[in-house]
Structures are given as C-alpha cells and as structure tokens.
Amino acid sequence: MQYTIKDIALLAGVSRGTVDRIMHKRGPVSKTTYDKVMGVLNEIDYSPNLIGRSLKKMNKKHRIAVFLPDHKIVKYWEEVAIGIKKGAKEFQSFGISVEETYYSSDDSKVFQAQAQAILESSPEAVLMAPILSNESTSFIKECIKKGILVVYINTPLSNVESAFYIGTQREQSGRVAANIFDNFIEDGKLLILNIKVDIENSIHMERKEIGFREYFKEKGVENHSIESVSVLKEKIKLEQIVKEFVLSDNKRKGIFVSGSHVHTIASIVKENKLNVFLVGYDLISENIEYLKQGVIHFLINEKRINQGYLGIKNLAQYFLFDKEMESSSYLPVDIVSRENYKMYLTIP
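This text gives an overview of the structure that appears in the document. None of these values were measured; they are calculated from a predicted model.

## Topic: the sheet that holds strand β6 (residues 188-196)
Here comes step 1: As summarised here, the arrangement of the six strands in space is β7-β6-β8-β9-β10-β12, forming an open sheet in which the pairing is mixed. What marks the edges here is a single partner per strand, and that holds for β7 (224-232) and β12 (334-336). Strand-to-strand twist across the sheet, computed as the mean angle between neighbouring axes with direction ignored, equals 20°.
Here comes step 2: Alignment of strand β8 (residues 252-257) against strand β9 (residues 277-281), held across three bridges, turns out to be parallel. Its bridge partner being in β9, I255 is matched across the sheet by L278.
Here comes step 3: Here helix α9 (residues 203-219) sits on the sheet in contact with β6, β7, β8 and β9, set at roughly 165° to β6.
Here comes step 4: On top of the sheet, helix α10 (residues 235-246) reaches β6, β7 and β8; it is set at about 170° to β6, its chief contact.

Written as structure tokens, this is what we have:
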C-alpha cells in the first residue's frame, strides 16, 4: 500500500502540516509528537520513494562517481557492488545518476589516472573505497578542494577531513574476534595473520590487530601468547608459517586471519590435517565452503552490501532531502558459523 501524508497524519493522530514539518525538518515539534510520527513511519516502512513525490528537487540531476576495487578481480567487492546497484536503482527515478569506475589495487599509476579523470568530470559526489591509502588520501583532498562531496567505505582514514565514512570500526571488529578466541581457547597460543596484497596499504588489518591485542590487555588475560605475522599472499610461505606455528608444541592453537583470505589458510589446515581454531572475515564463496566443512570455525561479517547501499542512499538523501550525514557511520559486525550462515546469503 502506498501511504500519503494524509494517511500518516491519521495514523499518528496529528495534522498533515505536522507530518510535513517532521519529514522535511521545517519547524519545531514536541518530542511526543515527533515520536508518534516516526513510530508510524517505521511501522509502515515508509521509503524515500514515497517521500520523493513531494520533493521540489526531483527535476535536478545529481551525479555520483563510484570508485572501487574491481569486484571481477577481487571477490570481496562483489557484495559492495551489489549494494551500490541496489541504491542506484532505488534512487534513479529521482535524478540520481551513478557512474562506476573500478580500479586494480595493485596498480597505483592506473588508479591515479582514473582518479584524475573522475576529478575532471566534476561529479557532485564520490563514493569510494580507499584501499590504496596514500593515493586515496590525495584524491579525497583534491575532491574536497573542488567542492566534491566524498563518502568512503570499508577502510577508515585518520588524515582526511570533511569526508564521510561508512563501515565497521576496525579496532572494535578486532575486539570481537579476540572475544571469540577468549571464549573458545582457555589456554593456548594465538597467531594473528595479516595476509596482504600490498604491504604499504594495510591500515585496516593493523587496526584490527590493535583492537585484538587491546581486548586481552584490558582483560588482563595472561594465559594466551599472541604472535603476529604480516605477509604477502604466497601459499608456500603461508604454509611454512602455519605449520611451524601449529606443530611447535602441544598447546591449543588459534589463528586469526584479519582479512578475507582465511580460505587460503583453511586449505593449508585441511591439506595438512592440522588441529587449529580458525577465525577470519567475509562471506565469500571460498570461505563459506570451508565454514560448512568446519575447517573455519567462525567468519566475521562486515555487511558489505550495506556499505555500498548506504553510501548511495545517504548521498541521495543529502541531495534530495538536505539530510545531513554523520562524519562516521559505524555498522555492526555479525559472527557467522556453519549453523547460521544461510541466513546471510539472501540479499536484503
């Protein structure tokens, strides 16, 4: 059913003018009245599509440039791309145009050329993932100089201002992982594996490790020894590291992989019949397969579809409704096991 402002006013027991003021922030109302109206909006799942019919800005076009790692090369970004396409489709009829550019995270020169092309095209906003942190920071600063609004996802940066972040709080994500190990391994050795594509661009992994270590430090837990290794994705090297760690003594072992390449470690564990408690990130197909087999014990889901979708949605609502954006919008993480992973495979 499509609800009108009149319908909402009747349901909330207020005037149409009051509903209009609340929806478009046009004047003060009491908290009681505000809560009534918002309660109705939430109950009927009132969407921007319906609000859009009363917008004066509908006839204006708004261009958003999407700048992400190529999801055809790195599967991690597939769900982000799905979320972006979902948002683009939802707001297309309101003049929101989404132009996608995908880059390879191992070629900084191509990234810089693509970034320059985006700057020269002068979009109103950019939605990006700053995997190449140094190059991305420079690009974001140039966007801001030109008055281009920037929303970035997945990896928070500490050295940019006037840009908006959507994603997980990486230190907190690391603490969630530490809590899993604390509950399942009472006395043993833990290994943090930061498997990197590029040693210089791995701030997201470093922040997870900080959170992981802070958890145990704050709890005063001394019955776990924690090692850490940062290494490029080379299976022969990784196999050597994992086997030496697991077979070093008879203590219980746990490995925390701070990214989506946990399936690489799972394959090593399975091939060598190693006994280790394994936790990593992301519901990509390879990880899910090892989760189903019980080789990976838990995956931490960072809601990548939501990151892409909310990036488009927040920008659309800013342009269409003058809705202010938070400088940081942190998303919760989910702990996924082989008992509940199917719940997360349906696109919301």
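## Let's talk about the pattern of salt bridges
Here comes step 1: Inspection of every chain in the model, using the stated rule, returns 17 salt bridges.
Here comes step 2: Across the pair E142 and K145 runs a salt bridge, and its minimum N-O distance is 3.5 Å. Here K145 and E142 lie together in helix α7 (residues 133-145), a separation of three residues that amounts to about one turn.
Here comes step 3: On the basis of relative accessibility, which here comes to 67%, the residue K145 falls in the exposed class.
Here comes step 4: Measuring nitrogen to oxygen at the nearest pair gives 3.2 Å for the salt bridge that ties D282 to R304. With a gap of 22 residues between them, D282 in the loop between β9 and α12 (285-293) and R304 in helix α13 (residues 304-321) connect regions that are remote in the sequence.
Here comes step 5: The class for D282 is buried, based on a relative accessible area of 2%.
Here comes step 6: Residues participating in the shared-partner salt-bridge network are E79, D282 and R304.

## Observations concerning the packing of aromatic side chains
Here comes step 1: This structure, assessed with the given rule, holds 19 aromatic pairs.
Here comes step 2: Between the aromatic rings of F181 and F277, the centroid separation amounts to 5.5 Å while the plane-to-plane angle is 80°, which identifies the pairing as edge-to-face. Placement of F181 in helix α8 (residues 170-184) and of F277 in strand β9 is noted, with a sequence separation of 96 residues between them.
Here comes step 3: A residue is classified by how much of its surface remains accessible, and F181, at 0% relative accessible area, is buried.
Here comes step 4: With a relative accessible area of 2%, F277 lands in the buried category.
Here comes step 5: With centroids separated by 5.0 Å and ring planes inclined at 10°, the aromatic side chains of F212 and F256 adopt a geometry described as stacked.

## Here's the deal with the environment of G188
Here comes step 1: Mapped onto the elements, G188 comes out in strand β6.
Here comes step 2: Between the alpha carbons of G188 and G254 there is a distance of 7.6 Å; along the sequence they are 66 residues apart.

## Remarks on the sheet that holds strand β3 (residues 125-128)
Here comes step 1: Spatially, six strands are ordered β2-β1-β3-β4-β5-β11 in an open sheet, and the strand pairing comes out parallel. Of all strands in the sheet, those with a lone pairing partner are β2 (96-103) and β11 (328-330), marking the two edges. Neighbour to neighbour, the strand axes of the sheet diverge by 15° on average, direction disregarded.
Here comes step 2: Two strands pair when backbone bridges link them, and strand β4 (residues 149-153) and strand β5 (residues 164-167) are joined in this way by three bridges, in the parallel orientation.

## Structural notes on the side chain of H62
Here comes step 1: Looking at the secondary structure, you find H62 in strand β1 (residues 62-69).
Here comes step 2: Taking the relative accessible area as the measure of exposure, H62 reaches 3% and is therefore buried.
Here comes step 3: Within the structure, the side chain of H62 is placed 3.1 Å from the side chain of E124, a separation counted as a polar contact.

## Structural notes on the packing of helix α6 (residues 108-121) against α7
Here comes step 1: Interaxial distance between α6 and α7 falls to 11 Å at its minimum, and their mutual angle equals 10°. With respect to α7, the axis of α6 lies roughly parallel. Contacts between α6 and α7 involve S108, F111, Q112, A115, I118 and L119 from the first element and E135, S136, F139, E142 and C143 from the second.
Here comes step 2: Looking at the contact of α6 with α7 residue by residue, the classes come out as six nonpolar, three polar and two charged.

## Observations concerning the environment of L345
Here comes step 1: The topology assignment puts L345 in the segment after β12.
Here comes step 2: Owing to a relative accessible area of 45%, L345 belongs among the partly exposed residues under this scheme.
Here comes step 3: Sequence spacing of L345 and E206 is 139 residues, and the spatial spacing of their C-alpha atoms is 28 Å.

## Side note on the packing of helix α5 (residues 78-91) against α13
Here comes step 1: At a closest axis distance of 6 Å, the pairing of α5 and α13 adopts a crossing angle of 30°. Classified by the angle their axes make, α5 and α13 are roughly parallel. In terms of crossing hand, the pair formed by α5 and α13 is right-handed. Of the residues in α13, those in contact with E79, V80, I82, G83, I84, K86, G87, A88, E90 and F91 of α5 are R304, I305, G308, Y309, I312, K313, A316 and L320.
Here comes step 2: Per-class residue counts for the contact of α5 with α13 are 10 nonpolar, three polar and five charged.

Each value, and the rule that gives it
Along each chain, residues carry numbers from 1 onward, in the same order as the chain's sequence is written. Whole-chain, interface and lining totals are the exception, using all residues; otherwise, since this is a predicted model, local features are given only for residues with pLDDT of at least 70 and side-chain atom pairs are given and counted only at 80 or more. In computing side-chain values, all of the structure's heavy atoms are included and hydrogens and water are not. Strand pairing requires that DSSP identify at least two bridges connecting the strands. Here a helix means four or more residues in a row that DSSP labels H or I, a strand means two or more in a row labelled E, and each is numbered from the N terminus. Lines fitted to C-alpha atoms define the axes, with helix axes restricted to the stretch in contact, and inter-axis angles between N-to-C directions lie between 0 and 180 degrees. A contact between two residues is defined here by any heavy atoms of the two lying within 4.5 Å. Any Lys or Arg side-chain nitrogen located within 4 Å of an Asp or Glu carboxyl oxygen qualifies as a salt bridge. Each residue's exposure class comes from its accessible area (1.4 Å probe, protein chains only) as a fraction of the maximum for that residue type: buried when under 20%, exposed when over 50%, partly exposed otherwise. Here a Phe, Tyr or Trp ring, Trp counted by its six-membered ring, pairs with any other such ring whose centre lies within 6.5 Å, and the pair is stacked when the planes are under 30 degrees apart, edge-to-face when over 60, and tilted otherwise. Whenever a nitrogen or oxygen atom comes within 3.5 Å of another N or O atom, the pair is scored as a polar contact, on the condition that within protein one atom can donate a hydrogen and the other can accept it, and that pairs from neighbouring residues in sequence are kept only if both atoms are in side chains. Here the word oblique covers every angle except those under 35 degrees (roughly parallel), over 145 (roughly antiparallel) and from 65 to 115 (roughly perpendicular). Three classes are used, and their members are as follows: Ala, Val, Leu, Ile, Met, Phe, Trp, Tyr, Cys and Pro are nonpolar, Asp, Glu, Lys and Arg are charged, and the others, Gly among them, are polar. Helix crossings are classified by the rotation of the near helix relative to the far one: an anticlockwise turn of less than a right angle makes the crossing left-handed, while a clockwise turn makes it right-handed.

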